[in-house]
Amino acid sequence: MDLAYTEEEEAFRARLRKWLGSVLPGLPGKPDPGDWPGRRTYDAGWQKLLYDAGYAGLHWPADAGGRGATPTQHLIFLEETERAGAPYVGANFVGLLHAGPTIAAEGTGEQRARWLPPVLRGEEMWCQGFSEPDAGSDLASLRTRAVRDGDDYVVSGQKIWTSHAEVADWCELLVRTDPAAPKHRGISWLAMRMDAPGVTVRPLRTLAGSTEFAEVFLDEVRVPVSHRVGAENDGWRVTMVTLSFERGTAFVGEVVACRRTLEALAAEARRNGRWDDAVLRRRLGRLNAEFRALWRLTQWNVSEAQAGGGVPGVGGSVFKLRYSHARQELYEAAAEVLGAGDALDLDREWVLDRLSSLSYTIAAGTSQIQRNIVAERILGLPKGR
């Protein structure tokens, strides 16, 4: 992996930086964090600006509507947009970072033409219908059934922790299409309309007061067979593609954000006198080294994905495992820098981020699951009994 930037890449950075400088001052104010319809409108507006400027789906293949940019250009885009304080994907993250890349890699030509352009333009948003009350870490034990009826599947069951279900148009949905098959082999990956008859959404309130997750109840929902991505009962393999994006490249922008947060913490510590504490300085220094290493691992994962046809490898589990814990350690340090008073102020953005960080060792595959993947698929250790 060549970590030096070419003249062409530096020119790309300069053009992007100039565009960001011209467009960001004109953005409307951010909506209230709890206003999900407002946040959808805001995020969709930003996505449309990216699309019109040619920056939407920068690293997606050209035949999927993207620009086919190099991994380095993709990383430059993330660095510069975060440095400028530009909006991130927000409510559109499932479509842009999970479902869209999966359809680009596994969908038919018709499916790609139908679903990818609206995602890139910010016109349609997706949610993720994977986890169930009895199928979290053991995702393959899911029970939501899909029974073939002519040209449709009739789907019944329940999903939980469905991200952005309140404002989504589509759901990447895992269903069991062959209950007699071994649990990893009887699953299919469907695209389901969220306004279809029989879909009921009940928001779940998190520790931080947000309703970004929801329960979704499915009562004989009809989903066209043409909305299946991949072959029937081959959904587990397609799901591994989705999860490889979720763990391998979906968090790359957040690494840049964490590095900026660390810089802000160091500045705050110098301002409020906490910088005189040698133990705290060493802690912040170690975190700086940690996130620099994670950024290098991010560069490696993105480059590997490009070399492998756009799909990240199992190295994403190494990144996800360490990043989840590093993020928690970052916000533990933030509490130490801010002190007890500010650390309990729920109006402080850092406090909400600290509460959110607690979920990262669970979301996108628990740390225990990631350790199993690293042990078995990378280190070649025998499976546990």
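A brief report on the enclosed structure follows. These figures come from a predicted structure and were not determined experimentally.

Some thoughts on helix α2 (residues 36–53)
- With 18 residues, α2 should reach 26 Å at 1.5 Å per residue; the first-to-last C-alpha distance of 26 Å fits that figure.
- For α2, every residue scored as buried is listed here: Trp36, Gly38, Arg40, Tyr42, Asp43, Ala44, Trp46, Gln47 and Leu50.
- Residues of α2 that are buried in the fold lie against α1 (7–23), α3 (71–83), α4 (93–106) and α5 (109–121).
- A side-chain oxygen of the first residue of α2 lies 3.0 Å from the backbone nitrogen of Gly38; this N-cap is Asp35.
- Where α2 terminates, the next one or two residues include Gly54, which has phi positive at roughly 90°.

Notes on the environment of Leu75
- As for its placement among the helices and strands, Leu75 is situated in helix α3.
- Note: C-alpha distance between Leu75 and Thr298 (223 residues apart in sequence) is 8.8 Å.

Re the nonpolar core
- Among the nonpolar cores identified, the biggest contains 65 residues, and Trp19, Trp46, Tyr55, Trp126, Trp189, Phe291 and Leu330 are the most heavily contacted of them.
- Examining the composition of this core, we find that 8 residues originate from one element, helix α9 (residues 315–343), more than from any other.
- Those residues in contact with Tyr55, other than ones at most four positions away along the chain, are Phe12, Arg15, Leu16, Trp19, Leu50, Arg67 and Phe77.
- Core analysis: the next-biggest nonpolar cluster, separate from the first, contains 20 residues, Ala165, Cys171, Ala196 and Val225 among them.

A short note on the packing of α4 against α5
- Taken N-terminus to C-terminus, the directions of α4 and α5 make an angle of 160°; their axes are 10 Å apart at the nearest point. Judged on the interaxial angle alone, α5 and α4 are roughly antiparallel. Once α4 is placed against α5, the crossing between them reads as left-handed. Residue-level inspection shows Gly95, Leu96, Gly100, Ile103 and Ala104 of α4 in contact with α5, the latter providing Gln111, Arg112, Trp115, Leu116, Val119 and Leu120.

Observations concerning the side chain of Glu132
- Take Glu132: it is sitting in the loop between β1 (126–129) and β2 (145–149).
- We classify Glu132 as buried; its relative accessible area is 7%.
- In terms of polar contacts, Glu132 uses its side chain to reach the side chain of Thr144, at 2.7 Å.
- If we skip the residues at most four places from it in the chain, Glu132 touches Leu142, Arg143, Thr144, Gln158, Lys159 and Ile160.

What about the pattern of salt bridges?
- Tallying each qualifying case throughout the model produces 29 salt bridges.
- Ionic pairing is found between Arg83 and Glu80, a salt bridge with its closest N-O pair at 3.0 Å. Of this pair, Arg83 and Glu80 are both found in helix α3, 3 residues apart, which corresponds to roughly one turn of the helix.
- The exposure class of Arg83 is partly exposed, given its relative accessible area of 41%.
- Note that Glu123 is salt-bridged to Arg121, the shortest N-O span being 2.9 Å.

Describing α3
- With 13 residues, α3 should reach 18 Å at 1.5 Å per residue; the first-to-last C-alpha distance of 18 Å fits that figure.
- Across the 13 residues of α3, 11 count as buried, placing the element largely inside the fold.
- Those residues of α3 that fall on the buried side of the exposure criterion are Pro71, Thr72, Gln73, His74, Leu75, Ile76, Phe77, Leu78, Glu79, Glu80 and Thr81.
- Positioned one or two residues after α3, Gly85 has a phi angle of 75°, which is positive.

Description of the side chain of Thr81
- Following the sequence through the fold, Thr81 ends up in helix α3.
- For Thr81, a relative accessible area of 8% corresponds to the buried category.
- Within the structure, the side chain of Thr81 is placed 2.8 Å from the backbone oxygen of Phe77, a separation counted as a polar contact.
- Ignoring anything within four residues of it in the chain, the contact list for Thr81 reads Leu20 and Ala86.

So, how was this worked out
Residues numbered from 1 in each chain as written. Predicted model: local features only at pLDDT ≥ 70, side-chain atom pairs only at ≥ 80, totals over all residues. Heavy atoms only, no water. Helix = DSSP H or I, 4+ residues; strand = E, 2+ residues; numbered from the N terminus. Expected span 1.5 Å × (residues − 1). Buried < 20%, exposed > 50% of the residue type's maximum accessible area, 1.4 Å probe, protein only. Contact = heavy atoms within 4.5 Å. Polar contact = N/O pair within 3.5 Å; in protein donor to acceptor, adjacent residues only side chain to side chain. Core = buried A, V, L, I, M, F, W, Y, C linked by side-chain atoms within 4.5 Å. Axes fitted to C-alpha atoms, helices over the stretch in contact; angles between N-to-C directions. Parallel < 35°, antiparallel > 145°, perpendicular 65-115°, else oblique. Left-handed = near helix turned anticlockwise from the far one by under 90°. Salt bridge = Lys/Arg side-chain N within 4 Å of Asp/Glu carboxyl O.

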